[in-house]
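Read off the chains here:
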Amino acid sequence: MYCSAECRLAAAEQYHQVLCPGPSQDDPLHPLNKLQEAWRSVHYPPETASIMLMARMVATVKQAKDKDRWIRLFSQFCNKMANEEEEIVHKLLGDKFKGQLELLRRLFTEALYEEALSQWFTPDGFRSLFALVGTNGQGIGTSSLSQWVHACDALELKPQDREQLDAFIDQLYKDIEAATGEFLNCEGSGLFVLQSCCNHSCVPNAETSFPENNFLLHVTALEDIKPGEEICISYLDCCQRERSRHSRHKILRENYLFVCSCPKCLAEADEPNVTSEEEEDEEEEEGEPEDAELGDEMTDV
Ligand SMILES: [Zn+2]
Ligand SMILES: [Zn+2]
């Protein structure tokens, strides 16, 4: 679905000619459908944004006149060491990740092999591509529906009308959820070169958002930033940022594979570890399914 004829044309010119299944749209044996089906069955939550982002990257190169330009662009996303990639893939696919990654690679190759990108289709190259999308893929949280609901909240209404409108909205969400699952507020996943260069800080001086309700990502300063000062965003949401240094480090280590040394973490380094209340929280957290957090990162904002 496209918002306008221009968007549709732009997609067709960049990648969609390769990805368009045409009359095979519902054919379970079409290679792209097999790939998406395999992805849904190995990955929770069952969205297809991430695997289709990888497919779009290949399709874009396939369609491009200047293939090298795109290959150079994609290579700007930070690359991890082999053991780190392995950890990310494990995190995304769970314990059976090796076999599943190989299955996905086979289906991906069947659907999309491209000579100019032959390295992406090797076991090592596919793992790298997968890890790249896993760590840099930014959920694009745009929802015209949530905007409309916010606008409704702001209306001045008689109590009776308010009640009726609220009941309608509740029912609407229930109906949509029944049809689409819980992925209302995310329309996809994207890669952003500049944003992916921004390091994390637990006291960020900038934040990212999608205020225009499309794929345009905005980076907005949260305070005055001096020339030469590093622009940092937070990879943690605001609730996670309020947690103890120990908890923050755990989330960052598991999902992004680094140890934070932002000013806040440095300042807290000497403090006694955690309060008792928080320690209880943490024990609960250990029991959560391990892949929950990175999964969120790939689908939601
Ligand atoms: Zn559009
Ligand atoms: Zn920090």
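Think of each chain on its own: its residues are numbered from 1, step by step along the sequence as written. Ligands are numbered from 1 and chains lettered from A, in the order in which they are written. Thresholds applied to this predicted model are a pLDDT of at least 70 for local features of residues and 80 or more for the giving and counting of side-chain atom pairs; totals over whole chains, interfaces and linings are not thresholded and use all residues. The side-chain quantities take in all heavy atoms of the structure and omit both hydrogens and water.

An unreviewed UniProt entry lists the chain under the name Protein-lysine N-trimethyltransferase SMYD5, with Camelus bactrianus as the source organism. UniProt positions are given in the numbering used here, feature names are shortened, and annotations may be inferred rather than shown by experiment. The annotation that UniProt attaches to the chain under Subcellular location (unreviewed entry) is "Cytoplasm". Under the Subunit (unreviewed entry) heading, UniProt states for the chain: "Interacts with the N-CoR complex. Interacts with EHMT2 and CBX5."

1. A few points about the pattern of salt bridges
Salt bridges are identified by distance alone: a Lys or Arg side-chain nitrogen within 4 Å of an Asp or Glu carboxyl oxygen. Per the stated rule, a full pass over the model turns up eleven salt bridges. Lys34 is paired through a salt bridge with Glu110; the nearest N and O atoms lie 3.1 Å apart. Here Lys34, found in helix H2 (residues 31-42), pairs with Glu110, found in helix H6 (residues 97-112); they are 76 residues apart in sequence, far enough to count as distant. Of the charged contacts in the structure, one is a salt bridge between Glu102 and Arg105, with a shortest N-O distance of 2.8 Å. You can see Glu102 and its partner Arg105 sitting in helix H6, three residues apart, about one turn around the helix. Several salt bridges share partner residues, and in doing so they unite Glu85, Glu86, Lys98, Asp124 and Arg127 into one network. Put simply, DSSP H or I for four residues or longer makes a helix, DSSP E for two residues or longer makes a strand, and each gets a number counted from the N terminus.

2. Looking at empty space enclosed by the protein
Throughout, the protein atoms alone are placed on a 1 Å grid, and a set of points is a cavity if a 1.4 Å probe fits but cannot get out or a pocket if it is open with protein on both sides within 12 Å along at least five of seven lines; lining residues have an atom within 4 Å of a point. Grid points are joined across faces, edges and corners, and a volume is the space filled by probe spheres set on the points. What the rule picks out here adds up to two cavities of 30 Å³ or more. Space inside the second largest cavity adds up to approximately 30 Å³. Lining the second largest cavity are Cys78, Asn79, Lys80, Glu85, Ser128, Ala131 and Leu132. Among the elements that make up the lining of the second largest cavity, the one with the highest residue count is helix H7 (residues 123-136) (three residues). Following the grouping adopted for this structure description, the nonpolar residues are Ala, Val, Leu, Ile, Met, Phe, Trp, Tyr, Cys and Pro, the charged ones are Asp, Glu, Lys and Arg, and the polar ones are all others, Gly among them. Here the residues of the lining of the second largest cavity are counted per class, giving three nonpolar, two polar and two charged.

3. Some details on the packing of helix H5 (residues 82-93) against H6
Inter-axis angles, ranging from 0 to 180 degrees, are taken between N-to-C directions of lines fitted to C-alpha atoms, where helices are fitted over the stretch in contact. Direction vectors running N to C along H5 and H6 enclose 90°, while the axes themselves pass 9 Å from each other. Accordingly, the angle class assigned to the pair H5 and H6 is roughly perpendicular. Taking contact as the criterion, the partners of Glu86, Val89, His90 and Leu93 in H5 are, on H6, Phe97, Lys98, Gln100, Leu101 and Leu104. A per-class count over the contact of H5 with H6 returns five nonpolar, two polar and two charged. Note on terminology: angles under 35 degrees are roughly parallel, angles over 145 are roughly antiparallel, angles of 65 to 115 are roughly perpendicular, and the others are oblique. Contacts are residue-level and defined by heavy atoms, with any inter-residue pair within 4.5 Å sufficient.

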